[in-house]
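One-letter residues, chain by chain:
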Amino acid sequence: MKSWISKALEWCFICIRKAGELVQGYFFLILTDLEAKEPIRVVVTGAAGQIAYSLLFSVAKGDVFGPDQPVILHLLDIPPMMGVLEGVVMELMDCAFSLVRDIIPTCDEQQAFHDTEAAFLVGAMPRKEGMERKDLLAANVKIFKSQGKALDQFAKKTVKVLVVGNPANTNAFICSKYAPSIPKENFSAMTRLDQNRAQSQIAFRLNLPANCVTNVIIWGNHSSTQFPDASHAVVDVNGTVKKVVDCLKDDAYLKGEFITTVQKRGAAVIAARKLSSAMSAAKAACDHMRDWWNGTAEGQWVSMAVFSDGSYNVPSNVMYSFPVQIGADRKWKIVQGLEISDFAREKMDLTGKELIKEKEDALSVCQD
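Residues numbered from 1 in each chain as written. Predicted model: local features only at pLDDT ≥ 70, side-chain atom pairs only at ≥ 80, totals over all residues. Heavy atoms only, no water.

Draft legend 1. Just the packing of aromatic side chains, in detail. Considering all chains together, one arrives at eight aromatic pairs under this definition. Taking the centre distance of 5.9 Å and the plane angle of 45° together, the rings of Phe173 and Phe307 count as tilted. Highlighted residues: Phe173 in helix H6 (residues 168-177) and Phe307 in strand S12 (residues 302-307), separated in sequence by 134 residues. Residue class for Phe307 comes out buried when judged on its relative accessible area of 10%. A ring pair is formed by Trp219 and Tyr312, whose centres lie 5.2 Å apart and whose planes are at 70°; its orientation type is edge-to-face. Taken together, the residues span a long stretch of sequence, with Trp219 in strand S8 (residues 217-219) and Tyr312 in the loop between S12 and strand S13 (319-326) at a distance of 93 residues. Each member of the pair, Trp219 as well as Tyr312, is classed as buried. Pairwise contacts between aromatic rings join Trp219, Tyr312, Tyr320 and Phe322 into one cluster. Taking the ring centre of Phe307 as reference, the NZ or CZ of Lys184 above it sits at 4.9 Å. The positively charged end of Arg205 is found above the aromatic ring belonging to Tyr253, 3.8 Å away from the centroid. (Phe/Tyr/Trp six-rings, centres within 6.5 Å; stacked < 30°, edge-to-face > 60°. Helix = DSSP H or I, 4+ residues; strand = E, 2+ residues; numbered from the N terminus. Buried < 20%, exposed > 50% of the residue type's maximum accessible area, 1.4 Å probe, protein only. Lys NZ or Arg CZ within 6 Å of the ring centre and 35° of its normal.)

Now the structure itself:
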């Protein structure tokens with residue numbers, strides 16, 4: 001009896017030891033892989049601002065480029081904000097992120113954009129009281145012209161550039177204009193915040209989690225003329241995929257309150273919070289870059305403002321938001337063949353006209 005018990009215990013100890021060796025080996029492989037990956041350089045402009053404060057946390061944590069991808073953070077802001085930026089650097093250090101290999105705070109564009117592979121262009125001139133839209137465009141042309149030139153000179157030619165600062169679509173257009181050596185398809189402007197807002201509105205109405213709603217589209221400009229379109233959206237209800245329009249059965253809502261709520265959401269946040277959207281904008285920027293970097297799920301698309309090729313008979317050579325799918329090669333493709341109703345056509349044309357006017361105004365203040 002004792003012999004049997006002894007042998008059983010011996011086998012238990014052997015199994016425990018082997019299991020320990022396997023676990024130890026597993027973690028060794030993870031750590032080895034982590035060290036084997038070269039860090040990527042990521043630049044965030046307006047790095048001392050509200051949006052960057054939330055955005056940097058997610059990037060450093062691994063939510064954007066992956067839980068095993070080390071990063072070097074390049075933080076750019078204007079000279080008066082260097083003191084605030086120092087505090088941001090302290091907090092990033094105090095978070096003890098395992099993926100952060102270095103933090104470079106700077107007000108120098110050459111240092112900020114040197115060898116960067118991903119760029120979040122958050123900093124922009126905000127519209128102030130009494131400022132005409134053309135004045136706002138003129139101020140931002142100066143910023144994004146300079147940053148475009150810096151990207152052209154110092155960033156990697158494969159850099160993925162996401163413009164968050166408003167007017168985002170036209171700022172992205174100007175930035176690309178002054179970075180001619182970087183492919184145009186490497187520039188985009190953020191309409192993911194609008195997409196997230198639209199998904200959330202539908203999910204809330206259906207009493208479902210937001211991730212159950214997919215394929216909502218934002219067409220056009222990130223402005224009050226944008227067209228949030230749920231006509232092609234679907235919802236997963238307990239494993240069964242249905243069209244949103246069939247679940248809601250409320251055409252008046254989808255053509256009225258739904259659209260205006262998304263269009264005016266930014267202004268509503270400012271009215272309530274006395275500050276512009278920050279946490280949600282940062283989350284959307286991370287969502288946008290994560291999908292661009294890693295690709296979209298099969299059968300799903302996301303909204304990005306990209307250089308228009310005239311698809312769906314919208315204006316070409318403007319940064320227009322389309323539904324796109326992204327492959328493992330990090331290249332986006334506009335989703336084709338979607339049915340466009342007369343109602344949608346009118347909305348898409350309206351926002352397209354605004355983008356043409358914005359582009360013309362911006363180009364009129366360019367010096368070259």
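Draft legend 2. Looking closely at the packing of helix H2 (residues 50-61) against helix H3 (residues 82-94). Look at H2 against H3: their axes get within 11 Å of each other, and the N-to-C directions meet at 30°. In this view, H2 runs roughly parallel relative to H3, as classed from their interaxial angle. The way H2 lies across H3 gives a crossing that is right-handed. Every residue of H3 that contacts H2 at Tyr53, Leu56 and Ala60 is listed here: Val88, Glu91 and Leu92. A per-class count over the contact of H2 with H3 returns five nonpolar, no polar and one charged. (Axes fitted to C-alpha atoms, helices over the stretch in contact; angles between N-to-C directions. Parallel < 35°, antiparallel > 145°, perpendicular 65-115°, else oblique. Left-handed = near helix turned anticlockwise from the far one by under 90°. Contact = heavy atoms within 4.5 Å. Nonpolar A, V, L, I, M, F, W, Y, C, P; charged D, E, K, R; others polar.)

Draft legend 3. Inspection of helix H7 (residues 192-206) at higher detail. The end-to-end C-alpha separation of H7 is 21 Å, in line with the 21 Å expected for 15 residues at 1.5 Å each. Taken across its 15 residues, H7 has 11 buried, putting it largely inside the fold. Listed as buried for H7 are Arg192, Leu193, Asp194, Gln195, Asn196, Arg197, Ala198, Gln199, Ile202, Ala203 and Leu206. Asn207 sits one or two residues past H7 and shows a positive phi near 60°. (Expected span 1.5 Å × (residues − 1).)

Draft legend 4. Examining the environment of Leu85 more closely. Locating Leu85 in the fold gives a position in helix H3. For the pair Leu85 and Leu75, spaced 10 residues apart in the sequence, the C-alpha separation amounts to 8.0 Å. Other than its neighbours up to four places away in sequence, Leu85 contacts Ala47, Ala48, Leu75, Asp77, Pro105 and Thr106.

Draft legend 5. Examining the sheet that holds strand S7 (residues 213-214) more closely. Taken in spatial order, the three strands of this open sheet run S7-S10-S11, and their pairing is antiparallel. Strands at the two margins of the open sheet, each flanked by one partner only, are S7 and strand S11 (240-243). By the bridge criterion, four bridges tie strand S10 (residues 234-237) to S11 in an arrangement that is antiparallel. Residue pairing across strands places Val234 opposite Lys243, the latter belonging to S11. (Pairing = 2+ DSSP bridges.)

Draft legend 6. Seen up close, the pairing of strand S5 (residues 160-163). What you see with S5 is no split at all: Lys160 and Leu162 on one side and Val161 and Val163 on the other are buried throughout. Of the pairings in the sheet, the one linking strand S4 (residues 118-121) to S5 comprises four bridges and is parallel in character. When the bridges of S5 are listed, Ala119 appears paired with Val161. Bridging between S5 and strand S6 (residues 187-189) involves three bridges; their strand directions are parallel. In the strand pairing of S6, Leu162 is matched with Ser188. Once the chain exits S5 it traverses H6 before rejoining the sheet at S6, and the crossover so formed is right-handed. (Right-handed = clockwise from strand over helix to strand, strands pointing away.)

Draft legend 7. The confidence of the model for the chain, seen in detail. Averaged over every residue, the pLDDT of the chain is 91; residues scoring 70 or more account for 88%. Note on residues 26-34: pLDDT is under 50 here. Beyond four places in sequence and across chains, it has seven contacts. (pLDDT = per-residue confidence, 0-100.)

Draft legend 8. Region of interest: unusual backbone geometry. Note that the residue after Asn166, namely Pro167, is joined by a cis bond; omega there is -5°. Phi is positive for Tyr312, which is not a glycine, with a value near 60°. Owing to a relative accessible area of 11%, Tyr312 belongs among the buried residues under this scheme. Even without being a glycine, Asn317 presents a positive backbone phi close to 60°. Its location among the elements puts Asn317 in the loop between S12 and S13.

Draft legend 9. View of the pattern of salt bridges. Taken as a whole, this structure holds 12 salt bridges when the rule is applied. For Arg192, the salt bridge goes to Asp291, with nearest N and O atoms at 2.9 Å. One end of the pair, Arg192, is in helix H7; the other, Asp291, is in helix H12 (residues 279-294), with 99 residues separating them in the sequence. Residue Arg192 shares its accessibility class with Asp291, and that shared class is buried. Overlapping salt bridges bring together Arg192, Lys283, Asp287, Arg290 and Asp291 as one network. (Salt bridge = Lys/Arg side-chain N within 4 Å of Asp/Glu carboxyl O.)

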